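# An overview of the molecular structure
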Amino acid sequence: MMVSDTWRATFGSMTRSALPGLRVLRTYAVAAVGLVLASTAARAEYTLQPGDTLDFALLGMTDLKQRSTIGPDGEISLPLVGQVKAAGQTLTHLKATVKGLLASRLYRQITTDGRENMIVIGGEELSLDVATYRPIYVSGDVLKAGEQPFRPGMTVRQAVSVAGGFDILKLKLGNPLIDPIDFKAQLGADMAEYAREQARTARIQAELAGAAELNLDSITAPGLPAATMERIKDTERKTFAARTADLKKEMDWLRDTIGTAEKRMATLGEQQDKELEGNREDLAELERVKELVSRGSAPITRIIDARRTSLFSATRVLQTTMSAQTLERDRDELKRKIVKVADEYRMALLNQAQESTLKMATLRARMDGVREKMGIASAPRLVQTEAAKPTLVIFRKDGQGIERIEAALDSELTPGDVVEVTVPVSDILNLSAQTAEAVPTR
């Protein structure tokens, strides 16, 4: 509660010795405040819950004025008091609790001229009131479902009014002149996308079959401009030609590389045979020289030369054998790569075909939905009226759980309530028939 600048100038600098007179004035002020609080007595029995916001103030101490919200743990933080359990209590009970905690508290107040006053708080200076309540929620057959601020005395009728009234068709349409145009544009875009997926699927099937040419004559799209359809087909034809040419180049390169490797393997095979024959002759010469040396017919150096020659020829044979084995391994790897490239190419095409099939199914469903919306948009909308006889249910949380309350339009709400609005389908159909009969015919 605010006090005037004159009051602060007169009494703000009083020391502790002037407190008796100050308390007399505060007594009168509290009596005046009581008249104001009496007007909210009807709300005093409301049970506070997390989400409610309270205004805290002490008479004559503007620097302690604070607005605090009850947290999820049910506690609220207040000046000079700290954390206090507020959830589940009435405002009257909480105020009495806070007043008891404030009793005989000392508060050091610094004046504008720098002097310090010690004030004993008696609790009567306290002002504690609800600033804002927990919001309510409206769901179901209303135009704008969602959260709404709560006001004391609020009824279901007022909540539905803030939510835009009953929306018995749930069309959520905007401008009835612009929406059909938007739907038509969306349908045209979806049809073009569907035609593209058709052509794409035909191209994938042709690639899987190994066809030499792509035939798209059977692909049609009623309602789509012929020029657009032709551009889609031309794009797929070019894609088909580029992909098949690229695959052929890669396969031809692999086959040519395999052929080159096999030719080199044949050459190495001939070379290996010759080197084996030469090595056998060198070994035979070594044995002959050994025989001559043993008989004394040749010097010992002949053995050394013969052994060196046989070792050199054996090394040549080993090198040629290793080169042949390396070429054979490379050739086999290239053959496996041909199979792998073909398999990967086929798997990629199968995945693309599956994606295209799913996309076409999605596009068909979406186009059907757009067509239905176009039909609804072209029909007259039903009038929002209480004649729809909605079912109104209030879900209210209490200490034992969630209470389900059958409500009427004039039922009063409490903070945190959830209002569910349901308009029966039979009433919607009756209203539709009544509306149709009310429309004059030419």
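Residues numbered from 1 in each chain as written. Predicted model: local features only at pLDDT ≥ 70, side-chain atom pairs only at ≥ 80, totals over all residues. Heavy atoms only, no water.

## A short note on the overall build of the chain
Defined as follows: The helix and strand labels rest on DSSP assignments: H or I over at least four residues marks a helix, E over at least two residues marks a strand, and numbering proceeds from the N terminus. Only protein chains enter the accessibility calculation, which uses a 1.4 Å probe; a residue is then buried when its area is under 20% of its type maximum, exposed when over 50%, and partly exposed in between. Residue contacts are defined here by distance: any two heavy atoms, one from each residue, within 4.5 Å place the two residues in contact. Computed with a 1.4 Å probe, the accessible areas rest on the Shrake-Rupley method; for each residue, only the protein chains presented here act as cover.
For the chain, the helix and strand inventory stands at eight helices and twelve strands. In the chain, buried positions account for 34% of the 442 residues. Residue pairs at least 24 apart in sequence account for 64% of intrachain contacts in the chain once pairs closer than 6 positions are excluded. Total accessible area on the chain is roughly 26,700 Å²; 56% of this is exposed by carbon and sulfur atoms.

## Topic: the sheet that holds strand β7 (residues 126-132)
Here is the rule: A pair of strands is considered paired only if DSSP assigns at least 2 bridges between the two. In this description, a line fitted to the C-alpha atoms serves as the axis of each element, helices being fitted only across the stretch in contact, and the angle between N-to-C directions of two axes falls anywhere from 0 to 180 degrees.
Spatially, three strands are ordered β2-β1-β7 in an open sheet, and the strand pairing comes out antiparallel. Pairing within the sheet leaves two strands with one partner each, and these edge strands are β2 (61-69) and β7. Neighbouring strand axes in the sheet, compared pairwise and without regard to direction, differ in orientation by 20 degrees on average. As defined by bridge partners, strand β1 (residues 53-58) adjoins β7 across six bridges and the pair is classed as antiparallel. If you follow Leu58 over to β7, its bridge partner there is Leu126. This element, helix α3 (residues 91-102), spans β1 and β7 of the sheet and lies at about 140 degrees to β7.

## Things to note about the packing of aromatic side chains
In plain terms, the rule: Here is the rule: rings of Phe, Tyr and Trp (six-membered ring for Trp) pair when centre to centre is within 6.5 Å. Planes less than 30 degrees apart are stacked, more than 60 are edge-to-face, and the remainder are tilted.
Evaluated as defined, the whole model comprises two aromatic pairs. On the basis of an interplanar angle of 80 degrees and a centroid distance of 5.4 Å, the ring pair of Tyr133 and Phe150 is categorised as edge-to-face. Taken together, the residues Tyr133 in the loop between β7 and β8 (136-140) and Phe150 in the loop between β9 (146-148) and α4 (156-162) connect sequence positions 17 residues apart. When sorted by exposure, Tyr133 lands in the same class as Phe150, which is buried. Aromatic rings pair up to connect Tyr46, Tyr133 and Phe150 into one cluster.

## Remarks on helix α6 (residues 226-295)
Basically, it comes down to this: Helix span, as expected, comes to 1.5 Å for every residue beyond the first.
With 70 residues, α6 extends 103 Å from end C-alpha to end C-alpha; this agrees with the ideal 104 Å at 1.5 Å per step. Immediately beyond the C-terminal end of α6, within one or two residues, lies Gly296, with a positive phi of roughly 85 degrees.

## Focus: the confidence of the model for the chain
The criterion, for reference: What pLDDT reports is the predictor's confidence in each residue, on a scale of 0 through 100.
With 78% of its residues at a pLDDT of at least 70, the chain reaches an overall mean of 79. Taken together, the stretch residues 1-44 has pLDDT below 50 and engages in 46 contacts with residues farther than four places along the chain or on a different chain. The model gives residues 380-385 a pLDDT under 50, and that stretch makes 18 contacts with residues more than four places away or in other chains.

## So, the sheet that holds strand β10 (residues 391-398)
The mixed open sheet is built from five strands, whose spatial order is β9-β8-β12-β10-β11. Two strands in the sheet have a free side with no partner beyond their single neighbour: β9 and β11 (401-407). Between one strand axis and the next, the sheet turns through 25 degrees on average, direction left out of account. Of the pairings in the sheet, the one linking β10 to strand β12 (residues 418-422) comprises five bridges and is antiparallel in character. Bridge pairing links Val393 to Glu420 in β12.

## Quick word on the pairing of β1
Counting buried positions over the six residues of β1 gives five, a clear majority of the element. Bridging between β1 and β2 involves five bridges; their strand directions are antiparallel. Along β2, the bridge assignment pairs Asp55 with Arg67. Where β1 folds back on β2, the antiparallel hairpin that results is connected by two residues, among which Gly60 adopts a positive phi of roughly 85 degrees.

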